[in-house]
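Structure at a glance
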Amino acid sequence: ADVARGAGAHPLRARRHQTLGPLEKQLATLEARIMELEALQKERGIRLADPAQYGDSREIALLLKSHHATQAELDVLTARWEELATAIEDARAAL
């Protein structure tokens, strides 16, 4: 009985891996990139909070531009992360 149960579970496990594996890999990649960008934004936030940075208007303009661009990328990646997380939940429920 245990052998038969194990044999029946194998195709399910393979299907689960085939379905969830790529989604989970994408999610992990997104999470890593989001963490990188969040760390970068934290560093920039500290620099933007430093009054000494405002002595060079060109430098502060570049810093603000990169801060806004990174935030825009974070917004897109976070939305994609939410979509993938929902897709994974749905796939798990369907299996």
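Above this text sits the structure in question.
The structure contained in this document is the topic of the report that follows. The shown structure was predicted, so the numbers you read here are calculated from the model rather than taken from an experiment. Per chain, residues are indexed from 1 in the order of the written sequence. For this predicted model, a pLDDT threshold of at least 70 governs which residues receive local features, and a threshold of 80 or more governs which side-chain atom pairs are given and counted, while totals over whole chains, interfaces and linings are taken from all residues. Side-chain figures throughout are based on the complete set of non-hydrogen atoms in the structure, without hydrogens or water.

This part covers the overall build of the protein. Secondary structure assignment for the protein yields two helices and zero strands. Relative to the globule expectation of 12 Å for 95 residues, the C-alpha radius of gyration of the protein, 22 Å, shows a markedly less compact shape. Projecting the C-alpha coordinates of the protein onto the three principal axes gives extents of approximately 75 × 20 × 15 Å. Per-residue burial for the protein yields a buried fraction of 21% across its 95 residues. Intrachain contacts of the protein at a sequence separation of at least 6 include 74% that bridge at least 24 residues. For accessible areas, the Shrake-Rupley method is used with a probe of radius 1.4 Å. Any residue's cover is judged against the shown protein chains and nothing else. Carbon and sulfur atoms provide 59% of the accessible area of the protein, an area that totals close to 6,900 Å². Where the 13 positive side-chain charges of the protein centre and where its 15 negative ones centre are 7 Å apart. Each helix corresponds to a stretch of at least 4 residues labelled H or I by DSSP, and each strand to a stretch of at least 2 residues labelled E; elements are numbered beginning at the N terminus. Every radius of gyration here is taken over C-alpha atoms, with the globule rule written as 2.2 Å times N^0.38, N being the number of residues. Think of it in three bands: residues with accessible area under 20% of the maximum for their type are buried, residues over 50% are exposed, and the middle band is partly exposed, with areas taken using a 1.4 Å probe on protein chains only. The contact rule is simple, with two residues in contact once any of their heavy atoms fall within 4.5 Å. We score Asp and Glu as negative and Lys and Arg as positive, and we do not count His or the chain ends. A single reference atom marks each charge: NZ on Lys, CZ on Arg, CG on Asp, CD on Glu.

For the rest of this paragraph, the subject is helix H2 (residues 57-94). Over its 38 residues, H2 extends 55 Å from the first C-alpha to the last, a length consistent with the 56 Å expected when each residue adds 1.5 Å. Buried within H2 we find Ile60, Leu63, His67, Thr70, Leu74, Leu77, Leu84, Ala85, Ile88 and Ala91. Sitting at the head of H2, Asp56 places a side-chain oxygen 3.2 Å from the backbone nitrogen of Arg58. In this scheme, a helix's expected span is set at 1.5 Å multiplied by one less than its residue total. Identification of polar contacts relies on pairs of N or O atoms within 3.5 Å, with a donor-acceptor requirement for protein atoms, meaning one able to donate a hydrogen and the other able to accept it, and with residues adjacent in sequence counted only if both atoms are side-chain atoms.

This part takes up the environment of Leu23. For Leu23, the position within the fold is in helix H1 (residues 2-49). Between the C-alpha atoms of Leu23 and Arg33, which are ten residues apart in sequence, the distance is 15 Å.

Once that is clear, we can look at the environment of Ala87. Relative to the helices and strands, Ala87 resides in helix H2. The spatial distance from the C-alpha of Ala87 to the C-alpha of Leu63 is 36 Å, given a sequence separation of 24 residues.

Time to look at the pattern of salt bridges. What makes a salt bridge here is a side-chain nitrogen of Lys or Arg within 4 Å of a carboxyl oxygen of Asp or Glu, nothing more. Under the defined criterion, the tally for this structure stands at five salt bridges. Across the pair Arg92 and Glu24 runs a salt bridge whose closest N-O atoms are separated by 2.6 Å. Of this pair, Arg92 sits in helix H2 while Glu24 is found in helix H1, placing the two residues 68 residues apart along the sequence. Using a relative accessible area of 42% as the deciding quantity, one classes Arg92 as partly exposed.

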